[in-house]
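Coordinate analysis (summary)
Chain by chain, the residues run as shown.
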Amino acid sequence: MGKYKTIYFDYVKTYTQRYEKDGNKVVEELADLSGCFERVSKINSVDRTYNMGNEKIRIQELKKVGEYWEILVLKLRDEVMPGIADDSGNYSIEILEDGKYYCESTTMLYDPENSVLVLQKNRYGLQASNVEILLNLINVDNKIKIILKPIINKNKIKLLDNGHAYRSLEIGIVNNMEEEVIEDSTGIMGVLNNFQKYKGNV
């Protein structure tokens, strides 16, 4: 019997932020990124490579299938080369030719009607925060900023028990949480309460 691997996904909403004409107020609204994706999909994959810090990020595939956009993004690297080992106890490092890279992939699916972007989790690939940076790199309208807000399952939050000690905790919150989610002001619920109070986006 083959091995099975559980695949996890992050779900985020796409928004744009822009200043009103007077420049004193930021307007935020749900975004349909279809126009941006349509334009970028016509660009050769080589020219869809962007520098993000010390890394190169390439939009390898971007195509519309039915009502959705399928996206494959690669993180290219030519440092920290992985080794190759076998069952006989051998180990070696493969040196790549110039112009070739080791890469990690991040697969995404975008629903423009609901402004929802689904990202397959890969600890070595792009995280949601980096995807947000990438989206702003391919955005040609300098009057707007694209932001991503996580979609959370409020019922899952209710399962958290203040009587337990947690080694680490990663919280993603949008700023439209309902009061019923944070009735308790102690422990973890107190943390969530502060996120709502300051309308934090994580």
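Refer to the structure printed above.
These numbers come from a predicted model, not from an experiment.

1. Some details on empty space enclosed by the protein
- A complete count under the given rule lists 1 cavity of 30 Å³ or more for this structure.
- Estimated volume of the largest cavity: approximately 70 Å³.
- Forming the walls of the largest cavity are Phe37, Ile59, Leu62, Ile71, Val73, Met108, Leu117, Val131, Leu134, Leu135 and Ile138.
- Breaking the lining of the largest cavity down by element, the ones donating at least two residues are strand S4 (55-65), strand S5 (68-77) and helix H2 (128-138).
- In terms of residues, the lining of the largest cavity owes the most to one element, H2, which gives 4 residues.

2. A closer look at the environment of glutamate 38
- Positionally, glutamate 38 belongs in helix H1 (residues 34-41).
- Sequence spacing of glutamate 38 and leucine 62 is 24 residues, and the spatial spacing of their C-alpha atoms is 8.6 Å.

3. Quick word on the nonpolar core
- Core analysis: the largest hydrophobic core is formed by 25 residues, its most contacted members being Phe37, Ile71 and Leu117.
- If you list the elements that add at least two residues to this core, you get H1, strand S3 (49-52), S4, S5, strand S8 (102-111), strand S9 (116-120), H2 and strand S10 (144-150).
- No other element matches H2, which puts 4 residues into this core.
- Residues contacting leucine 117, with those up to four places away along its chain left out, are Asp10, Tyr11, Val12, Thr14, Ile71, Met108, Leu109, Tyr110, Val131 and Leu148.

4. Here's the deal with a nonpolar patch on the surface
- On the surface, Ile7, Phe9, Tyr11 and Ile151 cluster together to form a nonpolar patch covering roughly 380 Å² of accessible area.
- Take isoleucine 7: its relative accessible area is 48%, and that puts it in the partly exposed class.

5. A short note on the pairing of strand S2 (residues 26-30)
- In the sheet, strand S1 (residues 9-19) pairs with S2 via 5 bridges, with the strands oriented antiparallel. Bridge pairing in S2 places glutamine 17 opposite glutamate 28.
- Counting the residues in the hairpin turn of S1 and S2 gives 6 residues, including glycine 23, whose phi is positive at 75°.

6. Considering the pairing of S9
- A large share of S9 lies buried, amounting to 4 of its 5 residues.
- When S1 meets S9, the two strands line up antiparallel, connected through 5 bridges. By the bridge assignment for S9, lysine 13 is matched with valine 116.
- The sheet contact formed by S8 and S9 spans 4 bridges and is antiparallel. Across the sheet, the residue bridging to aspartate 111 is valine 116, located in S9.

7. Observations concerning H2
- Inspection of H2 places Val131, Leu134, Leu135 and Ile138 among the buried residues, and these make up the whole buried set. Projected down its long axis, H2 carries its buried residues within an arc of 100°, all on one side.

8. Quick notes on the pattern of salt bridges
- For the coordinates displayed, the defined rule picks out 4 salt bridges.
- The partner of glutamate 29 in a salt bridge is arginine 18, with the nearest N and O atoms 3.6 Å apart. Of this pair, glutamate 29 sits in strand S2 while arginine 18 sits in strand S1, placing them 11 residues apart in sequence.
- Since its relative accessible area comes to 32%, arginine 18 is described here as partly exposed.
- In this structure, lysine 149 and glutamate 28 form a salt bridge, with 2.5 Å as the shortest nitrogen-oxygen distance. Taken together, the residues lysine 149 in strand S10 and glutamate 28 in strand S2 connect sequence positions 121 residues apart.
- Residue classification places glutamate 28 among the partly exposed residues on the basis of a relative accessible area of 32%.

So, how was this worked out
- Residues numbered from 1 in each chain as written.
- Predicted model: local features only at pLDDT ≥ 70, side-chain atom pairs only at ≥ 80, totals over all residues.
- Heavy atoms only, no water.
- 1 Å grid on protein atoms, 1.4 Å probe; cavity = no way out; pocket = protein on both sides within 12 Å on 5 of 7 lines; lining within 4 Å.
- Points joined across faces, edges and corners; volume = space filled by probe spheres on them.
- Helix = DSSP H or I, 4+ residues; strand = E, 2+ residues; numbered from the N terminus.
- Core = buried A, V, L, I, M, F, W, Y, C linked by side-chain atoms within 4.5 Å.
- Buried < 20%, exposed > 50% of the residue type's maximum accessible area, 1.4 Å probe, protein only.
- Contact = heavy atoms within 4.5 Å.
- Patch = residues over 30% accessible without salt bridge, like charges linked within 9 Å, V, L, I, M, F, W, Y side chains within 5 Å.
- Areas by Shrake-Rupley, 256 points an atom, 1.4 Å probe, with all protein chains shown as cover.
- Salt bridge = Lys/Arg side-chain N within 4 Å of Asp/Glu carboxyl O.
- Pairing = 2+ DSSP bridges.
- Arc of directions from axis to C-beta.

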